Number of protein chains: 4
Amino acid sequence: MTKEKLTSSRKMDHLRICSQTDIETGTALFDDVHLVHCALPECDMDAIDLSVEFLGKRLGSPLFIAAMTGGHPDTAGVNRVLAAAAERYGLGIGVGSQRAALEKPELADSFAIVRETAPHAFVCGNLGAVQLVEHGTEWAERAVEMIDADALCIHLNFLQEAIQPEGDHSAVGCLDAVRQLCKDVKFPVIVKETGNGISREVASRLWDAGVSAIDTGGMGGTSWAKIEGIRANERGAAGDKALRELGDSLLTWGVPTAVSVFEVAGTGTGPVIATGGLRSGLDIAKGIALGATLGGMALPLLSPALCGEEETCRTIDAVHYQLRAAMFLTGSPNVSALQHARTYITGTLREMIGQQPNMRMS
Amino acid sequence: MTKEKLTSSRKMDHLRICSQTDIETGTALFDDVHLVHCALPECDMDAIDLSVEFLGKRLGSPLFIAAMTGGHPDTAGVNRVLAAAAERYGLGIGVGSQRAALEKPELADSFAIVRETAPHAFVCGNLGAVQLVEHGTEWAERAVEMIDADALCIHLNFLQEAIQPEGDHSAVGCLDAVRQLCKDVKFPVIVKETGNGISREVASRLWDAGVSAIDTGGMGGTSWAKIEGIRANERGAAGDKALRELGDSLLTWGVPTAVSVFEVAGTGTGPVIATGGLRSGLDIAKGIALGATLGGMALPLLSPALCGEEETCRTIDAVHYQLRAAMFLTGSPNVSALQHARTYITGTLREMIGQQPNMRMS
Amino acid sequence: MTKEKLTSSRKMDHLRICSQTDIETGTALFDDVHLVHCALPECDMDAIDLSVEFLGKRLGSPLFIAAMTGGHPDTAGVNRVLAAAAERYGLGIGVGSQRAALEKPELADSFAIVRETAPHAFVCGNLGAVQLVEHGTEWAERAVEMIDADALCIHLNFLQEAIQPEGDHSAVGCLDAVRQLCKDVKFPVIVKETGNGISREVASRLWDAGVSAIDTGGMGGTSWAKIEGIRANERGAAGDKALRELGDSLLTWGVPTAVSVFEVAGTGTGPVIATGGLRSGLDIAKGIALGATLGGMALPLLSPALCGEEETCRTIDAVHYQLRAAMFLTGSPNVSALQHARTYITGTLREMIGQQPNMRMS
Amino acid sequence: MTKEKLTSSRKMDHLRICSQTDIETGTALFDDVHLVHCALPECDMDAIDLSVEFLGKRLGSPLFIAAMTGGHPDTAGVNRVLAAAAERYGLGIGVGSQRAALEKPELADSFAIVRETAPHAFVCGNLGAVQLVEHGTEWAERAVEMIDADALCIHLNFLQEAIQPEGDHSAVGCLDAVRQLCKDVKFPVIVKETGNGISREVASRLWDAGVSAIDTGGMGGTSWAKIEGIRANERGAAGDKALRELGDSLLTWGVPTAVSVFEVAGTGTGPVIATGGLRSGLDIAKGIALGATLGGMALPLLSPALCGEEETCRTIDAVHYQLRAAMFLTGSPNVSALQHARTYITGTLREMIGQQPNMRMS
Ligand SMILES: Cc1cc2nc3c(=O)[nH]c(=O)nc-3n(C[C@H](O)[C@H](O)[C@H](O)COP(=O)(O)O)c2cc1C
Ligand SMILES: Cc1cc2nc3c(=O)[nH]c(=O)nc-3n(C[C@H](O)[C@H](O)[C@H](O)COP(=O)(O)O)c2cc1C
Ligand SMILES: Cc1cc2nc3c(=O)[nH]c(=O)nc-3n(C[C@H](O)[C@H](O)[C@H](O)COP(=O)(O)O)c2cc1C
Ligand SMILES: Cc1cc2nc3c(=O)[nH]c(=O)nc-3n(C[C@H](O)[C@H](O)[C@H](O)COP(=O)(O)O)c2cc1C
């Protein structure tokens, strides 16, 4: 198979595996976050303002539809459904990696349909950091043009690359490439992980490089160690056994999303998207109380999107209802009030974000 | 159905569901409170004084019969049995929300029976904060008159309202209405939650508004998220699915009772009633050691009350026996000594009432 | 039944129940104590000196045979076996409560056999604090004479009294009686609990009253709440239901032994006996590392004692072997070195002996 | 049986039991160490440098093949396979205790094969501390000569000795013997435990005595309490029952490896080998992040070695792949960078290496 073919058949593999198998591992630690109930909320639940300002645009709610697909004709349907929902609710939405379409322009339609269907939504393009290193600003601009994007997400997914037989194993130059991109372009640049989280140190370097926002893509939801392990298993080749074992040993590798949100929000003034294992409007509320501006979901929207627009809207309504209730019951009439809601932090999350025992002298 | 009919059929729904199904969720965290054994108690267990001063009246014991019912002719029996026990033991007793009878005066009998049966008990009226906002001091006074109450409880139950299809979704004006009520009336005003707890911040605002006492109504006992979820399920309508899902996601929402008692007792000088998940005389003792003056029970008295007076008295005897033993074994000859008993605080409670990790800089 | 008959038939009830049923509840928290391994112990395991000075006498090892029985002719055999072992290994040994024999002198033989069999052992008499209040120094001296005791244990067992139908419910005057006794007599007075532990506060009062040693008798081993619950169950009378329920609610009441040892050892300079849930020589070592001088065992020696001397010696050999190994592997050539062995304290024990969160302002 | 025969039949007992039975107990606590994911590693996974400097020699990777066998003709095969792997990957490798061959020179071949097969590897001799006390520098030098060793490991295994019927029970003089050895010889001296760990105190004494490196041999992997218990069981003699019980009570005795690495690395400047319960390349990475230079494995290499060279290399490849991935994903281009990787420390490990609650005043 050529490299291009590989990329787009991998896309379909991923959608199929994700919608049929349990591909979640570890915990994002939202169970260790307890929003403090406000018995006297002094607001009207039905008048709660879910809208939120994000990179200069007002979105209908903090729910962000995280990057999932595109790049294969069969994925256009999913992207159309998600875009229709984004348009209806005024949500932010990301497309999957545009690499395939940049390599093979005839695949661009499966991405472009997003902007066609959602002329007013906040649409984000998507490119891997490795592709950015290889192709620079040019590809970034082509990716944005392809969908008339409001912003471009650069994804970091080195755990996945490490355990893909066809993976890119070098991360050299990524930070410089991001820095250069931020200098070169006018559109906002968002950097995102895809399930292993952004630490305090990485966040600092990214803000420094000029990124506009960071998406945690933390550990505890969709697990690429799991997905690639399943793919390796399906291929069954002997040489893949080591990859499968590696995947197994890395199943819970990464910064749990709640920890990541806490760390990233503590390092800068740019907005944070909490993604990775958010499974209800309550989790979005917790993410926001930990410091995020938006809460992203990928996997929870995949099955509904495969069903169609109605099921997708029903799912989003439920998420919004839960979020609205959480805001009401913490006495938060709007999202910025929710960012100041008090929480109890318990268990492992408490240990992870508390002071770590001193390691060594030197 | 008219609004009035809705209110009183809901009452019967609640009694039926509560006595037949497991409607408790989460934990009040009393298992994390350990009263320190006093091997040398230097008192006589049989001479221990269970009586306690509450809002100027001496009660026979700290056991408070929490608000449950009234407002439907069929509920009069339960109220009569509970009142008879209150009279016998000199306990404080609350009636359920009087809204139905204020809307439809012919339902007043099911409440009035409490005072008729318990001429000497400390009887508390009951009104929702939302009704207070709508009808002001007038309804409050009518509620008190209806049962010649010693005090009026204003209940806060916004989680329940949020997930009831017919719920009141606005909490605007509640604090002002409470403040106005405290100014207008001579009887003591008690504010109570119904299962999701009162936080430190809400308590401060309430003391400030002039309330005489606060009832924590904390998380860990009767759960309205559970009850309303069951009701939604029984109705089965499609539109209710979202409500049911919301109920599910909020099953453990709220301040656990032990945390709530600790926080509320730390904010003011008025007496605190620990309610929500107290299931033995030992739990009452723990609530008192955490800072409460009384310990309320609703659900544990419902089945006995449906059986009759004898079973109710047997239950109360057992609770008193356990409380007396706990007082004896902590060397507490009376309730105020028990309030100073030493405790070990462990587990999640310890984490929740200890210093929380610092959230954000700004 | 007369009061005397009640006392001695209760003795046999206890032995029977304890040897046939699981009567242990809660945890003494020794699992949360981890002795730090010394890889380079620089001593000879076979030359380790198990002997220990206790109240002026050198004992063969820190294993103390805790008070169990006597007062019924059938119990003499058990006492003889235990005494033979005490004599053989030079151990301290306590007899069960001598009340029955003080009330009914013909029962004295079942106690006196201990001294007859163990002329050189450190033998402790036993009397309840309530009996001391009632009968004063006279009974104490008769108890000591009865077995030519080296010391007298005064036991505190108010939880048991609280849930016995025939129990003494008044603890008034106990501390004064102990203080008077310490003044009046020349023999050392030891105060002991029987399974619910001695707290820091009680220990301070006891040292102050002049006791020579304290035996923690902490929670986590033999449980009188359990035993009396079983007895109540066997009687089956309706009136006993409340007692049974009380027993159930108090199953884990008390200061866990490890906590108790830590607290008592921190309050004074007299020696501490760690008793309650010690189940191996390792537990004795842990008790000593927490501050005790001796480690007592009751239940683990009961079944062996009912089998006979050989099985009892085998059990003691195993305990000694484990203790010796623990001393060797912490590099402790003698018991006082073991008292300074380093430990890791984890889990609930760590929470219980660490600083407790501040309770209330006042 | 003569003493010599005993020693070498014990060797075969050990190999057989270890490869057929579950002989691991407790936990090394590596699950409580979480390497912080670096989403932007800025290095090339395929260019990561696994090599590491150890006692003046550059090794191919931090994987150390821990001492296992030799001393019986049948063990030569295992040693040959392990040595071949060491040679191939440039690893450090230890042989099992050379005592048998020092007592009975015709057994030397099963050790010498290691150097023959691995002319360039870093080969470590092995002698028990007790043998060193008995035979001094002479045996140490003969052990080194036997295999032309680069260093000599002196093992401390007093728990095992304590529960072996034929065990050496005296540890007197070991530290002096080690100090003398360090003075007398030119080759580096490494002191190692065999599964119960080295504490801070012991480490300090060892550095002081002049050792070049310490191998933690911590608790949580191969358990000699378990192995000797199984052997005692197989012998079945009555006298062994006490040994078996002792083994049982010491199953989790010892300093967990993660704790031991942390403590030992905090005491000196010599390199630390983390051994005991390391079961993946990830565990090696964690050991290094806690302060170790090498990570040793014994048991995980035994079954592969019994299978042959191919399986052994496959196992080592997998370990290296995992280690390489962990280095890549923490952004560590080489081992010394990995030593500075940030970790989250949670659970029991956090409690064990944090401040311990204050024990006693005196
Ligand atoms: C089927 C699927 C495909 C994905 N494809 C991409 C992608 O192409 N680019 C990207 O940046 N993230 C991708 N992601 C990662 C998501 O954007 C998100 O960060 C991650 O799944 C965690 O969120 P979740 O736990 O809600 O799924 C994908 C996720 C899924 C489930
Ligand atoms: C059947 C039932 C009906 C209740 N009705 C009322 C009510 O009308 N007004 C009110 O303030 N609380 C009401 N409550 C709440 C209780 O007063 C109490 O706060 C709550 O049940 C927690 O206590 P518990 O866990 O002991 O049941 C009701 C509780 C139950 C179980
Ligand atoms: C059968 C039995 C009888 C006991 N009788 C007495 C007694 O008469 N007096 C006393 O002070 N303690 C008595 N005890 C309590 C023990 O001395 C000891 O404090 C308690 O059992 C805790 O230790 P253990 O967990 O090792 O059993 C008795 C214990 C048992 C098991
Ligand atoms: C079968 C076997 C034999 C061993 N023999 C020795 C030995 O002779 N000398 C020694 O120092 N350690 C010996 N060890 C201990 C190992 O070197 C290592 O410290 C210990 O097994 C912990 O590592 P593990 O959990 O990876 O097995 C042996 C271990 C095994 C499994």
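Residues numbered from 1 in each chain as written. Chains lettered and ligands numbered in written order. Predicted model: local features only at pLDDT ≥ 70, side-chain atom pairs only at ≥ 80, totals over all residues. Heavy atoms only, no water.

Draft legend 1. The arrangement of the packing of aromatic side chains in detail. The full count for this structure, using the stated rule, is eight aromatic pairs over all chains. Look at B:Phe328 and C:Phe158: their rings are 5.9 Å apart centre to centre, the planes differ by 85 degrees, and that puts the pair in the edge-to-face class. Of the two residues, B:Phe328 sits in helix α14 (residues 309-329) while C:Phe158 sits in helix α6 (residues 158-163), which places them in two different chains. For the pair D:Phe54 and D:Phe122, a centre-to-centre distance of 5.5 Å together with 70 degrees between the ring planes defines the contact as edge-to-face. With D:Phe54 in strand β2 (residues 52-54) and D:Phe122 in strand β6 (residues 122-128), the pair connects residues that are 68 residues apart, well separated along the chain. For the pair shown, D:Phe54 and D:Phe122 are each scored as buried. (Phe/Tyr/Trp six-rings, centres within 6.5 Å; stacked < 30°, edge-to-face > 60°. Helix = DSSP H or I, 4+ residues; strand = E, 2+ residues; numbered from the N terminus. Buried < 20%, exposed > 50% of the residue type's maximum accessible area, 1.4 Å probe, protein only.)

Draft legend 2. Region of interest: the site of ligand 4. All names here are of chain D. Inspection of the region around ligand 4 gives 24 residues, with Ala67, Ser97, Lys192, Thr222 and Arg279 positioned closest. For ligand 4, an oxygen atom lies 2.8 Å from a polar atom in the backbone of Ala67. In the model, an oxygen atom of ligand 4 is placed 2.9 Å from a nitrogen or oxygen of the Gly277 main chain. For ligand 4, the protein covers 97% of the area, taking 600 Å² as the surface of the free molecule. Listing elements by their share of the shell around ligand 4, those giving two or more residues are α1 (3-20), β8 (189-193) and α13 (299-307). Per element, the largest residue contribution to the shell around ligand 4 is three residues, and it comes from α1. Tallied by class, residues from the shell around ligand 4 come to ten nonpolar, ten polar and four charged. (Near = heavy atom within 4 Å. Polar contact = N/O pair within 3.5 Å; in protein donor to acceptor, adjacent residues only side chain to side chain. Areas by Shrake-Rupley, 256 points an atom, 1.4 Å probe, with all protein chains shown as cover. Nonpolar A, V, L, I, M, F, W, Y, C, P; charged D, E, K, R; others polar.)

Draft legend 3. Local environment of the interface of chain A and chain D. Contact residues are listed per partner, giving 43 residues for chain A and 37 residues for chain D. Here chain A and chain D share an interface that buries about 3,500 Å² over both sides, 62% of which is from carbon and sulfur atoms. Taken together, chain A and chain D are joined by three salt bridges. A salt bridge links A:Glu263 to D:Arg342; the shortest N-O distance between them is 2.8 Å. (Contact = heavy atoms within 4.5 Å. Buried area = accessible area lost by both parts, 1.4 Å probe. Salt bridge = Lys/Arg side-chain N within 4 Å of Asp/Glu carboxyl O.)

Draft legend 4. A look at the layout of surface pockets. One number sums up the size of the largest pocket: a volume of about 740 Å³. Residue lining of the largest pocket: 21 residues in total, with A:Arg350, A:Glu351, B:Arg350, B:Glu351 and D:Arg350 positioned closest to the centre. Only α16 (347-353) of chain A, α16 (347-353) of chain B, α16 (347-353) of chain C together with α16 (347-353) of chain D provide two or more residues apiece to the lining of the largest pocket. A breakdown of the residues in the lining of the largest pocket according to their chemical character gives one nonpolar, twelve polar and eight charged. (1 Å grid on protein atoms, 1.4 Å probe; cavity = no way out; pocket = protein on both sides within 12 Å on 5 of 7 lines; lining within 4 Å. Points joined across faces, edges and corners; volume = space filled by probe spheres on them.)

Draft legend 5. The arrangement of the relation of the copies chain A and chain D in detail. Mapping chain A onto chain D is achieved by rotating through 90 degrees and translating by 0.1 Å along the same axis, at an RMSD of 0.0 Å. Seen this way, the second copy is the image of the first under a four-fold rotation axis. No C-alpha of chain A approaches the rotation axis more nearly than that of A:Gly347, which lies at 6.3 Å. (Least-squares fit on C-alpha atoms with pLDDT ≥ 70 in both.)

Draft legend 6. Spatial organisation of the site of ligand 1. All names here are of chain A. Close to ligand 1 lie 24 residues; Ala67, Ser97, Lys192, Thr222 and Arg279 are nearest. Contact between ligand 1 and Thr222: an oxygen atom at 2.5 Å from a side-chain N or O atom of the residue. The separation between an oxygen atom of ligand 1 and a polar main-chain atom of Leu299 is 3.0 Å. Against a free-state accessible area of 600 Å², the protein chains account for coverage of 97% of ligand 1. Taken together, the elements giving at least two residues each to the shell around ligand 1 come down to α1 (3-20), β8 (189-193) and α13 (299-307). It is α1 that contributes the most residues to the shell around ligand 1, three residues altogether. Of the residues in the shell around ligand 1, the class split is ten nonpolar, ten polar and four charged.

Draft legend 7. A look at the interface of chain A and chain B. Of the residues lining the interface, 38 residues belong to chain A; the matching set on chain B comes to 44 residues. Summed over both partners, the interface of chain A with chain B comes to about 3,500 Å²; 62% of that surface belongs to carbon and sulfur atoms. By the criterion of area lost to chain B, the three top residues of chain A are A:His37, A:Leu40 and A:Tyr344, representing 20% of everything that side buries. Residues A:Arg342 and B:Glu201 are paired through a salt bridge, measuring 2.6 Å at the closest nitrogen-oxygen approach. Linking chain A with chain B are 16 residue pairs in polar contact (both at pLDDT 80 or more). Elements with a minimum of two residues in the side of chain A that touches chain B: β1 (33-35), α11 (257-265), α12 (281-289), α14 (309-329), β12 (343-345) and α16 of chain A. A total of eight residues in the side of chain A that touches chain B trace back to one element, the largest contributor, which is α14(A).

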